[in-house]
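# Summary of structural features
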Number of protein chains: 2
Amino acid sequence: MNGEVSLQTFHRMPQYLKALYEFKKEGRENISSVQLAEALNMTPSIVKKDLSQAKIQDGKPKVGYAIGDLIAGISEFLGYNNLKEAVLVGAGKLGQALLGYEGFGEYGLNIVAGFDIDDSIIGGKIHGKPILPTGKLQGAIEKLGIKIAILTVPAEHAQAMADLLVKAGIRAVWNFTTAHIQVPENIAVRNENMASSLAVLSAQLQEIIKKEEAQN
Amino acid sequence: MNGEVSLQTFHRMPQYLKALYEFKKEGRENISSVQLAEALNMTPSIVKKDLSQAKIQDGKPKVGYAIGDLIAGISEFLGYNNLKEAVLVGAGKLGQALLGYEGFGEYGLNIVAGFDIDDSIIGGKIHGKPILPTGKLQGAIEKLGIKIAILTVPAEHAQAMADLLVKAGIRAVWNFTTAHIQVPENIAVRNENMASSLAVLSAQLQEIIKKEEAQN
DNA sequence: ATAATATCGATAAAAAAATATCGATTAAAT
DNA sequence: ATTTAATCGATATTTTTTTATCGATATTAT
């Protein structure tokens, strides 16, 4: 799906960025793959490989990489510089929390509006973002050329809404519902499935406890 | 970290469950690995392998698996039957959304209380969950023997709070902050990093658009 | 100036994960 | 009753991802 660079690599990139900002704040100017790896519980090998994928190849022996270069390179690689506009569909509890999430701006994402069917919130603003009726969704997407939709409707409406979004021209869906949505293969979907995450966490916990019991 | 079963497998399990409930609702009683794979855009091989990991091995040739057995088996495997209690730390926007998230109960997770430093919400309830001062966190964890913490504090307080949680006896941290937290290796951490997810989604979108431009 | 050492970056090796294959088996069709 | 077709479940293969190795090189120390 992704040409050369693996999704795991993309997943790690923002972590590097986060750590790099920390180091920068401490006054550091250079950092080696060893140190970056240590800060994030990774191996130097994977750090070096990831950075080379982002076309960052100006590390110096005995010194490491220039932190400023890394930050610029990764930000560019992740497209944080060119702002991407998005719509949020379903302004319920989770949707409202996301509308108020201030981190998105840093990542080059701007939510231009929320859409909902609830008349009591339509016409107003939530965290500064206008809430519009879903009837206006298609028009807005087409008119503004918006490519990304954040999906926070109830699970039972997820597929129908996804169909509508695709029809309106959306190219990427960030799916926060528990539903698995089917879309054409030229549409990107990212599932933010809490059940999945919780399952993994529980599994890790169970394993840890089992290990301990085995020791006693 | 996880003995035999991979985290990817755990990640897929709730997806199977979701799909199985759908099929059940439609009146189906049996399902083959081929059909389940198709519904979730996977391969039959991976479905069969995952199910065998969950000790589900009663599929019948020409028929498939009994849906009821699968649901029971996966639920048991994921520990959805034995309720796990959790505390939520940081009752801001995201924290409040999670306090109100009704899906957790299904997954065997019960948030017993939220903790915060904001006097204007302490003592009250949010979505039915009591909000307590962080000063009472340690006592509550110890007294109730709680093993899981949901971390939704501002990023700059994440590490300090994680340290406190670990000291109080927490064994698993579900980290919704953007900070990378360091914990002892016998503590499970699951990072719900929106930046990472967004990076992956953006990458997919970029790839799709590039592909299209190449065609024109 | 020379030697020692830390690090990069490319490549090789290892490990992990996903996918394919295939004999056995069961239900349905003939 | 026999044949056909679909599916499981075990195993083998392939692919992907991670980790290790190592020569080249730049900085620091002697």
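Now for a quick tour of the structure. (Residues numbered from 1 in each chain as written. Chains lettered and ligands numbered in written order. Predicted model: local features only at pLDDT ≥ 70, side-chain atom pairs only at ≥ 80, totals over all residues. Heavy atoms only, no water.)

## Regarding the interface of chain B and chain A
Between chain B and chain A, the contact holds 63 residues from the first and 63 residues from the second. In this assembly, chain B packs against chain A so that about 5,800 Å² is buried in total across both faces, 65% of it on carbon and sulfur atoms. Three residues stand out in chain B for area buried against chain A, namely B:Met194, B:Leu198 and B:Leu201, and they jointly supply 11% of the buried area on that side. Counting across the interface, chain B meets chain A through two salt bridges. In this structure, B:Arg171 engages A:Glu212 in a salt bridge whose closest nitrogen and oxygen atoms are separated by 2.6 Å. (Contact = heavy atoms within 4.5 Å. Buried area = accessible area lost by both parts, 1.4 Å probe. Salt bridge = Lys/Arg side-chain N within 4 Å of Asp/Glu carboxyl O.)

## Details of the sheet that holds strand S6 (residues 129-133) of chain A
All names here are of chain A. Strands sit in the order S5-S6-S4-S3-S7-S8-S9 across an open sheet of seven strands; the sheet is mixed. Two strands lie at the open edges of the sheet, namely strand S5 (125-126) and strand S9 (188-191), each paired on one side alone. Sheet analysis places strand S8 (residues 172-175) next to S9, joined by four bridges and oriented parallel. Bridge pairing in S9 links Trp174 to Arg190. (Pairing = 2+ DSSP bridges. Helix = DSSP H or I, 4+ residues; strand = E, 2+ residues; numbered from the N terminus.)

## What to know about the protein's contact with DNA strand D
By nearness alone, 24 residues border DNA strand D, and A:Arg12, A:Ser45, B:Ser33, B:Lys48 and B:Gln57 come closest of all. Near-protein atoms of DNA strand D (within 4 Å) split between backbone and bases, with sugar and phosphate holding 63%. Separating a phosphate oxygen of DNA strand D from a side-chain N or O atom of A:Gln8 is a distance of 3.4 Å. Residue A:Thr43 places a side-chain N or O atom 3.1 Å away from a phosphate oxygen belonging to DNA strand D. Elements that contribute at least two residues to the surface near DNA strand D include exactly helix H1 (7-25) and helix H3 (44-53) of chain A together with helix H3 (44-53) of chain B. Per element, the largest residue contribution to the surface near DNA strand D is three residues, and it comes from H3(A). Split by residue class, the surface near DNA strand D holds six nonpolar, nine polar and nine charged. (Near = heavy atom within 4 Å. Polar contact = N/O pair within 3.5 Å; in protein donor to acceptor, adjacent residues only side chain to side chain. Nonpolar A, V, L, I, M, F, W, Y, C, P; charged D, E, K, R; others polar.)

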